[in-house]
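# Architecture and fold: a report
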Amino acid sequence: MSHDDHHGVMIPAPGPEFVAHEVAHHFSTPVQEFQAGKLGFWLFLATEILLFGGLFAAYFYFHEVFPETFRVGGQQLDWRLGALNTSVLLLSSWTMAMGVRSAQTSQKSKTMIYLVLTVLGALGFMVIKFIEYSAKNEHGLIVFSELFSGYDEVTGQVAWFKDYHGVMKDVAHGHMFFAIYLTMTAIHGLHVIIGAIAIIYVLYGTSKGRYHAGYYLPVDLAGLYWHLVDLIWIFLFPLLYLVP
Amino acid sequence: MTTNTPAVDVQTTQPKAPRENYLNCTTSFKSWALTLDHKRIGLMYLIGTSLAFLAGGVFALLVRLHLWEPEGMLFSNPTYNQIFTLHGAFMVFLFVIPAIPGSLGNIVMPLMVGAKDVALPKLNLLSFYLWVIGAVMAVAAIVMGGFDTGWTFYAPYSLYTDQAVVTIGLAIFVLGFSSIFTGLNFIVTVHKLRAPGMTWFRMPLFVWAIYATAILQVLATPVLGITVLLVAFERLYNVGIFDPRLGGDPVLFEHFFWFYSHPAVYIMVLPAFGIISELVTVHSRKPLFGYKLIAFSSIAIAIISFLVWGHHMFTSGQSTYAMFAFSFLTFFVAIPTAIKEFSWVATVWKGSVALNSPMLYTLAFLIIFAIGGLTGVILGALNVDLHLHDTYFVVAHFHYVMMGSIALAFFAGLHHWWPKMFGIMYNEFQAKIACALIFIGFNATFLPQFVMGSRGMPRRYATYVPEYADYHKASTIGAMILGTGVALMVFYLVASLFIRKKAKQNQWGGVTLDWMCPTPPPHLNFDEEPQVVHEVYDYTTLDYETLQRDCD
Amino acid sequence: MINYLIQEPKQDPQGDLPWDGVPAHEIDFWGQLPVQAGTFDHVDGLFYFTYAVCIIFFVIITGVLLYSVFAHRRKTWDQKPLSNVTHNTPLEVVWTIVPLIIVMIMFAWGFKGSLDMTTVPHEAQRNTYKATAKQWNWTFIYPDATQSIAEVYVEVDKPVQFILESTDVLHAFYIPVMRVKRDIVPGRYQSVWFHPIKQGVYPLFCAEYCGDDHSRMYAKVHVVDAATMADRPWNKVPAEDKPVERIAYGARLARQLCASCHKMRDTDTVVTGPSWLGMFTKQGDTYVGRQREVLEGGVTKTITTDDAYIIESIKDPTKKIVAEAPYNKNSMSKFDTLTDDRVACLIAYMKSLADN
Ligand code: HEA
Ligand code: HEA
Ligand code: CUA
Ligand SMILES: [Cu+2]
């Protein structure tokens, strides 16, 4: 926009390694800007929760209809890997919280260390997820190469569900648990990746000195998002790995 | 002048040459394409959604022409099925849901609360481009073979039919996020950017309505998002959640779909209520009757509407308890709406009623909405719905509310704020003719549909039993009249942009902040931050003398 | 893109539309609903009650509006309103309470009625039919296990229940004169019941969108007396010594069941399944099938289209699949409930296509 003549309020930088922040032109005060960003983001988090809410509704519905599928299917998942992933995420939530804290107190290098650690946590999570997925692939419970090959009218089975070891052979609609497992964890995994990208973005901004005690909204928001990703996993873990 | 904004004495200082405003302050293509100005984004929304309406209208005319003959005049059955699906999908997802919030909401709401812009301008621009992407994907889906599922995408047909369902599903996902971001933005704007003195109960009702809509957009749309995503997954890798061959449940799809789509009908209608609330007071020059009750009833509707989705599924074999609850709550939601309707009528009563074109559209709305809403109540009755479900009675009901009420309210708002948006007036005489044509044509189109519907004519029929032929013919003729009216409206509105007959500063004598800033508004809306000192809709503060002078 | 928009409209030039011979609905005294042939009077009662409420409110609202517009019309630019009231609590209470009472009446009436419609009486349970919906036709199985297609006979004054079943997508069972409608969800158990009290022929529509020929998914409902019922008119396949009638019967079945996929007349435009024209050729007095490449278990074979192959194609279509594209991609659904006698009539009809 070429309306450079409208200058907003400036928040001065607390030190030479930081840059000042200009409040957007349509806000009258920094507080207003901060609160608007916060409120908007909370609303966004609400929509994310509702999005997963649909998946949880499907989970509970089919858990009710095919309890056996979920019981036996749940046993096929390795709860130790799940638990490991849970701790990785919890840990990264903590590093994220520390990152936000140090941004609020204008500790630039500390912020960066914590953010890097959080990104590493996300990476670790994805690696473990990958190990889990390959195990499922080997047992034919989710054959990734056949994922899009459709449905076989004669056997009444989907192509990606081969069940080489026959663990689900006595269970009606055995693929259902894995379908829901795959859908939920894949969408969650996508959120992990988006969260990691957001953190890398604020990491870059931190390195440029944009965030400090006067202005740390983006770090705060990335943190909120990361906690949400964590929170959703806290629900996914017991529901999928420790099927009630 | 004694108004809400003593600091801004715009009416007497209006210069002869157009002063700088949001339309002419910058002119490059980039300054429009990347604008963060809510008014420019609103204008782009206006153009986009209007085009979607005209496209949907052309599909509607094709539907009506085809149904002239019992055996169908134009298309094969599969093609007809695609045409009505396109009509429904375009009208719902590309027109009614985004139209009023996206265009008039964007342009007027920040003015009304006295803000310089919406709270999150970049997100606002993103919403618009998501809408564009969704529209492009929808058109791409047509080219890729079309889709013939009906706008409801009921499983399992939508899982088996061999067409571009995945593309349109993802288009709806994208459009959903466009809608969510708009809603989110407006909630934050209303909470955080109100001008000093603009208390909650001094907010114009259009703002209340947009606010209630925004809550629905944020809370209901994600469920639609996940639903269409699951349909896409189902088609891509056979999840099995909705596919009965794999143990899935098609009725679960219906629950998911209507959990969104019922609140969605109020996402569509609440902004229309807002427009009507504004217009009845301005054009009757009388404070709105029962202001607080109307404001609260918007919120009440928003809440109850989450609990009635099952009334679209009375024939799907729900448990008796579910039927009981859904039917009961459906009737309940009619009460806050009835309060609104009566309050509007009471506002017109003993007013100083101006019969200009926005008011004519408003009166048409009040009459048509009474029919549309009351026939909804008929459908809410459990046993009667078992007869009327999926017949043309339902088709007529929802056109009375969606075309006859919402689209007409949209037209009303467009005529009302047109002088504000562009500083020019359209041809009032032609506007009145068009309004009459639309009113007559509309009723001629859809009244016969109530009759044939209650006599058993099912909907989504490419061919039909000859006993309904007369009603279909009447309906088709009505649609032609309606189409003529719409075409005339498009004509004089576009023409006014070239004729440039100058509008008054405060064309209708409104007292809300949108009429207090210069016309058309400058880039940052107000020359100085407005201070609100009066109660809302206090017409005694108007100085008719200055208004009169301004008009010469 | 254009050529998929504009296609030949589907016509049935020979006039054998499924609804031929069904009279238009007779309309009741108030001019809105078809005269009921069943016993769910509460539907009509509540419909007209709400209808009356609608008209009353509509008249009040429109009347007040028109009066205000004419009486309080703004004549000068600065005309002030006659009143500046902003609320009137008694009035507002009244217009909240009155609609509330009215809708609660409607709710109770409607709910009670729907209980009546969903609770199947014993008498109807003892007279249970099965209706199978598939794209895009209806098959009915009677209590005595006989079957009829695209038409059904029920006895007057005898409550009847239909168990509904779908083999593919959603459909809905809708008889306007009986005021019954029920969605048919594949894989679920569902039923409707009604009590026919008026003889006649009535339409049965499919009321849930189910694809291409949704609008042709039509069946005739014959409400007949006990004597006609005992005669089982639906079960009269012409005897083998009446070849002409058998062909005509086969033709009717083919129009109802097969014409949505197979071309059997020069004017048909469907290409989902292979055309029946040319399936047989006439050599002297005998009909000879054509040579066909088929896939059986993935292996290509050449066979002759004889009676046995056709019977197999109807009862177990996936066993041998026509190898020629595009038919090998499309799937024909099973018609394994068709009786042998009816299949024989179908074959007779296919053969007769070679006559001209
Ligand atoms: C914006 C759109 C909109 C709006 C506002 C409404 C409003 C209402 N609708 Fe409608 N409806 C649709 C859009 C809408 N609907 C659509 C699109 C469908 C079909 C979808 C599909 O299948 O494709 C549908 C279908 C539909 C059904 C399902 C029919 C079926 O498929 O079997 C039902 C059933 O209960 C229903 C009920 C209602 C009710 C009770 C209201 C109420 O909110 C109405 C309240 C209004 C009034 C009551 C009028 C004003 C008041 C007075 C004049 C005072 C007097 C009042 C009383 C005495 C009560 N609607
Ligand atoms: C906002 C929503 C909306 C609107 C405004 C309309 C508007 C109209 N609709 Fe729509 N309709 C739906 C939403 C809407 N509809 C939905 C959701 C369905 C259900 C779909 C389904 O079953 O899945 C439906 C279904 C539907 C059917 C039933 C199809 C069937 O079940 O088989 C019919 C039939 O008459 C119909 C007709 C019309 C007509 C005549 C209009 C008219 O009001 C249209 C008026 C507009 C015009 C006539 C346009 C004028 C344009 C020009 C004159 C061109 C000018 C061009 C330029 C200047 C470039 N509609
Ligand atoms: Cu079967 Cu529609
Ligand atoms: Cu609804």
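Residues take numbers from 1 onward in each chain, read along the sequence in its written order. Chain letters and ligand numbers both follow the written order, the letters beginning at A and the numbers at 1. Confidence filtering applies because this is a predicted model: local features only for residues at pLDDT of at least 70, side-chain atom pairs given and counted only at 80 or more, and all residues used for totals across whole chains, interfaces and linings. As a rule here, side-chain values come from all non-hydrogen atoms in the structure, and water together with hydrogens is ignored.

Atoms of type N, O and S within 2.8 Å of a metal are treated as its donors, and for Na, K and Ca the window is 3.2 Å; water is not considered, so some sites may appear to be missing partners. With distances of 1.8 to 2.1 Å, the protein atoms coordinating the copper ion (ligand 4) are H262 of chain B (ND1), H311 of chain B (NE2) and H312 of chain B (NE2). Written as a sequence motif, the donor residues of the copper ion (ligand 4) are H-x48-H-H.

What follows deals with the side chain of S92 of chain A. Residue and element names in this part refer to chain A. Numbered from the N terminus, helices here are DSSP runs of H or I no shorter than four residues, and strands are runs of E no shorter than two. In this fold, S92 is placed in helix α3 (residues 79–104). The exposure class assigned to S92 is buried, which follows from its relative accessible area of 2%. Polar contacts, as used here, are pairs of N or O atoms within 3.5 Å; protein pairs need one atom able to donate a hydrogen and one able to accept it. Residues neighboring in sequence count only if both atoms are side-chain atoms. Engagement of the side chain of S92 in a polar contact is seen with the backbone oxygen of L89, the distance being 2.8 Å. Note on definitions: a residue-residue contact is assigned when non-hydrogen atoms from the two residues lie within 4.5 Å. Those residues in contact with S92 that lie beyond four places of it in its chain are T118, G121 and W226. When a residue's accessible area, from a 1.4 Å probe over protein chains only, is under 20% of the maximum for its type it is buried; when over 50% it is exposed; and in between it is partly exposed.

By a frequent convention, interface size equals the accessible area lost on bringing the separate parts together. In this assembly, 108 residues from chain B lie in contact with 92 residues from chain C. Interface area for chain B against chain C, summed over the two sides, is near 8700 Å², with a carbon-plus-sulfur share of 66%. Throughout, the accessible surface (probe 1.4 Å) given up by two parts as they are put together, summed over both, is called the buried area. Sorting the residues of chain B by area buried against chain C places F289, F342 and N383 of chain B first, and these three jointly supply 8% of that buried surface. Throughout this description, the term salt bridge denotes a Lys or Arg side-chain nitrogen within 4 Å of a carboxyl oxygen of Asp or Glu. If you look at where chain B meets chain C, you find 2 salt bridges. Note that R216 of chain C is salt-bridged to E71 of chain B, the shortest N-O span being 2.3 Å. Viewed at the interface, chain C and chain B are joined by 27 residue pairs in polar contact (both at pLDDT 80 or more). No other element matches the 16 residues that helix α11 (residues 320–348) of chain B contributes to the side of chain B that touches chain C. In the side of chain B that touches chain C, the residues fall into 63 nonpolar, 31 polar and 14 charged. Only Asp, Glu, Lys and Arg are considered charged, only Ala, Val, Leu, Ile, Met, Phe, Trp, Tyr, Cys and Pro nonpolar, and every remaining residue, Gly among them, polar.

Below, the discussion takes up the domain arrangement of chain C. Residues and elements named next belong to chain C. Note that domain bounds follow an automatic or database assignment of domains. Entries for chain C in the domain assignment read domain 1 (122–235) and domain 2 (243–352). Each side of the interface is counted separately: domain 1 has 11 residues, and domain 2 has 12 residues. For the domain 1 and domain 2 pair, buried surface summed over both sides reaches about 870 Å², with 46% attributable to carbon and sulfur atoms. Ranking the residues of domain 1 by area buried against domain 2 places K134, Q147 and I149 at the top, with a combined share of 54%. Counting across the domain 1 and domain 2 interface gives 1 salt bridge. Between E151 and R252 there is a salt bridge, and its shortest N-O distance comes to 3.9 Å. At the junction of domain 1 and domain 2, the tally comes to 2 residue pairs in polar contact (both at pLDDT 80 or more). Per-element accounting of the side of domain 1 that touches domain 2 gives the leading share, 3 residues, to strand β3 (residues 147–149). In terms of residue class, the side of domain 1 that touches domain 2 is built from 4 nonpolar, 4 polar and 3 charged.

As a further point, take the side chain of T375 of chain B. Mapped onto the fold, T375 of chain B is located in helix α12 (residues 357–380). What makes T375 of chain B buried here is its relative accessible area of 6%.

Another aspect to go through is the site of ligand 2. Residue and element names in this part refer to chain B. By nearness alone, 33 residues border ligand 2, and R64, Y80, H87, H399 and R460 come closest of all. Between an oxygen atom of ligand 2 and a main-chain N or O atom of R460, the distance comes to 2.6 Å. Elements with a minimum of two residues in the shell around ligand 2: α3 (38–66), α4 (77–113), α14 (392–422), α15 (428–454) and α16 (469–499). Taken together, the residues that form the shell around ligand 2 break down as 22 nonpolar, 8 polar and 3 charged. The near set for a molecule or strand comprises every residue that places at least one heavy atom within 4 Å of it.

Let's shift gears to the packing of α12 of chain B against α15 of chain B. Residue and element names in this part refer to chain B. Following both chains from N to C, one finds α12 and α15 inclined at 10 degrees, their axes separated by 9 Å at the closest point. Viewed along their axes, α12 and α15 adopt a mutual orientation that is roughly parallel. Here S357, P358, L360, Y361, A364, I367, I368, I371 and T375 of α12 come into contact with α15, specifically with E428, A431, K432, A434, C435, I438, F439, F442 and F450. Residues belonging to the contact of α12 with α15 are distributed by class as follows: 14 nonpolar, 2 polar and 2 charged. Only the contacting stretch of a helix is used when fitting its axis, a line to C-alpha atoms as for every element, and angles between N-to-C directions run 0 to 180 degrees. Angular relationships are summarised with four words: roughly parallel below 35 degrees, roughly antiparallel beyond 145, roughly perpendicular across 65 to 115, and oblique for the angles in between.

Attention now moves to the coordination of the iron atom of ligand 2. Residues and elements named next belong to chain B. On the protein side, the iron atom of ligand 2 has H87 (NE2) and H399 (NE2) as donor atoms, found 1.9 to 2.0 Å from it. Note on geometry labels: four donors, all angles 85 to 135 degrees, give tetrahedral; four donors become square planar and six octahedral when opposite donors are over 155 degrees apart and every other angle is between 65 and 115; remaining cases are irregular. Around the iron atom of ligand 2, the 6 donor atoms sit at angles spanning 87 to 179 degrees, and that spread fits a shape best called octahedral. In this pair, H87 is assigned in helix α4 and H399 in helix α14, connecting sequence segments 312 residues apart.

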